[in-house]
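Secondary and tertiary structure notes
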Amino acid sequence: GRTPLMLPNGLHWALSGATAFEMPLRVRARMGGERIQLPKRQHHHRLKQVLQDEAVPPWQRDAIPLLVRDDGELLAAGNIHASALHAWLREHDAALILSNPGSD
C-alpha cells in the first residue's frame, strides 16, 4: 500500500490517507468459489453473486483483482470491500480505490 499498484490490465489500486497496511497482503486473480463478508452483514456471500448484485458485467468479472490476506481471507474485489477492510479503512480515515488512470 505504500505506492499505487499498477495491474497488468491498466488499472491501479491506491491506498490514500494511510501510509501502508499493517500486514502483508496479496493481489490475485479470481479463481472461482471466493466468498466475501460485506459490511453490516453477518455471513459470507459468494463473490459471484455479489458481483451480479452489483451489476458488474460478466465480461468484466474475471478482470477484477482480489486483495487477500495471507490466510486467504478476501478483503476486496475491486472497489467492493469486505467488512474487515471497510472497518480498517474507517479506523485509519483511509480509502482504497481501484481506478483506470488512462480513462480520463
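To start, this report covers the structure provided alongside it. (Residues numbered from 1 in each chain as written. Predicted model: local features only at pLDDT ≥ 70, side-chain atom pairs only at ≥ 80, totals over all residues. Heavy atoms only, no water.)

**Quick word on the sheet that holds strand β2 (residues 12–16)**
Across the sheet, three strands lie side by side as β1-β2-β9; this open sheet has antiparallel pairing. Two strands close off the open sheet at either side, each with one partner strand: β1 (5–6) and β9 (95–99). Relative to β2, β1 is paired through two bridges, and the arrangement is antiparallel. Bridge assignment links Leu-5 to a residue of β2, and that residue is Trp-13. (Pairing = 2+ DSSP bridges. Helix = DSSP H or I, 4+ residues; strand = E, 2+ residues; numbered from the N terminus.)

**Some words on the pattern of salt bridges**
Summed over all chains, the structure comprises five salt bridges. Close ionic contact of Arg-26 with Asp-70 constitutes a salt bridge, the shortest N to O distance being 3.9 Å. With Arg-26 in strand β3 (residues 25–28) and Asp-70 in the loop between β6 (66–69) and β7 (74–77), this pair connects stretches of sequence that are 44 residues apart. Arg-30 is paired through a salt bridge with Asp-62; the nearest N and O atoms lie 3.7 Å apart. (Salt bridge = Lys/Arg side-chain N within 4 Å of Asp/Glu carboxyl O.)

**Here's the deal with the nonpolar core**
In terms of nonpolar packing, the biggest core is built from 15 residues, with Leu-15, Phe-21, Leu-67, Leu-85, Leu-89 and Leu-96 touching the most fellow members. Only β2, β7, α3 (83–91) and β9 provide two or more residues apiece to this core. Residue contributions to this core peak at three residues, all from α3. Other than its neighbours up to four places away in sequence, Leu-67 contacts Trp-13, Phe-21, Leu-25, Arg-26, Val-27, Glu-73, Leu-74, Leu-75, Ala-76, Leu-85 and Leu-96. In this structure, Leu-38, Leu-51, Ile-80 and Ala-82 belong to the second largest nonpolar core, which totals 13 residues. (Core = buried A, V, L, I, M, F, W, Y, C linked by side-chain atoms within 4.5 Å. Buried < 20%, exposed > 50% of the residue type's maximum accessible area, 1.4 Å probe, protein only. Contact = heavy atoms within 4.5 Å.)

**Observations regarding the packing of aromatic side chains**
The relative placement of two aromatic rings is captured by the distance of their centres and the angle of their planes. Applying the stated criterion to the full structure yields one aromatic pair. A ring pair is formed by Phe-21 and Trp-88, whose centres lie 5.1 Å apart and whose planes are at 40 degrees; its orientation type is tilted. Of this pair, Phe-21 sits in the loop between β2 and β3 while Trp-88 sits in helix α3, and the two are 67 residues apart along the sequence. For the pair Phe-21 and Trp-88, a shared accessibility class is recorded, and that class is buried. (Phe/Tyr/Trp six-rings, centres within 6.5 Å; stacked < 30°, edge-to-face > 60°.)

**Side note on the side chain of Arg-30**
When you line up the elements, Arg-30 lands in the loop between β3 and β4 (35–37). Within the structure, the side chain of Arg-30 is placed 3.4 Å from the backbone oxygen of Arg-61, a separation counted as a polar contact. Residues in contact with Arg-30, not counting those within four places in the same chain, are Leu-47, Lys-48, Leu-51, Arg-61, Asp-62, Ile-64 and Leu-66. (Polar contact = N/O pair within 3.5 Å; in protein donor to acceptor, adjacent residues only side chain to side chain.)

**Overview of the sheet that holds β3**
In space, the four strands of this open sheet follow the order β3-β6-β7-β8, with antiparallel pairing throughout. Edge strands, defined here as strands with exactly one partner in the open sheet, are β3 and β8 (80–81). Across two bridges, the pairing between β7 and β8 is antiparallel. Across the sheet, residue Ala-77 finds its bridge partner in β8, namely Ile-80.

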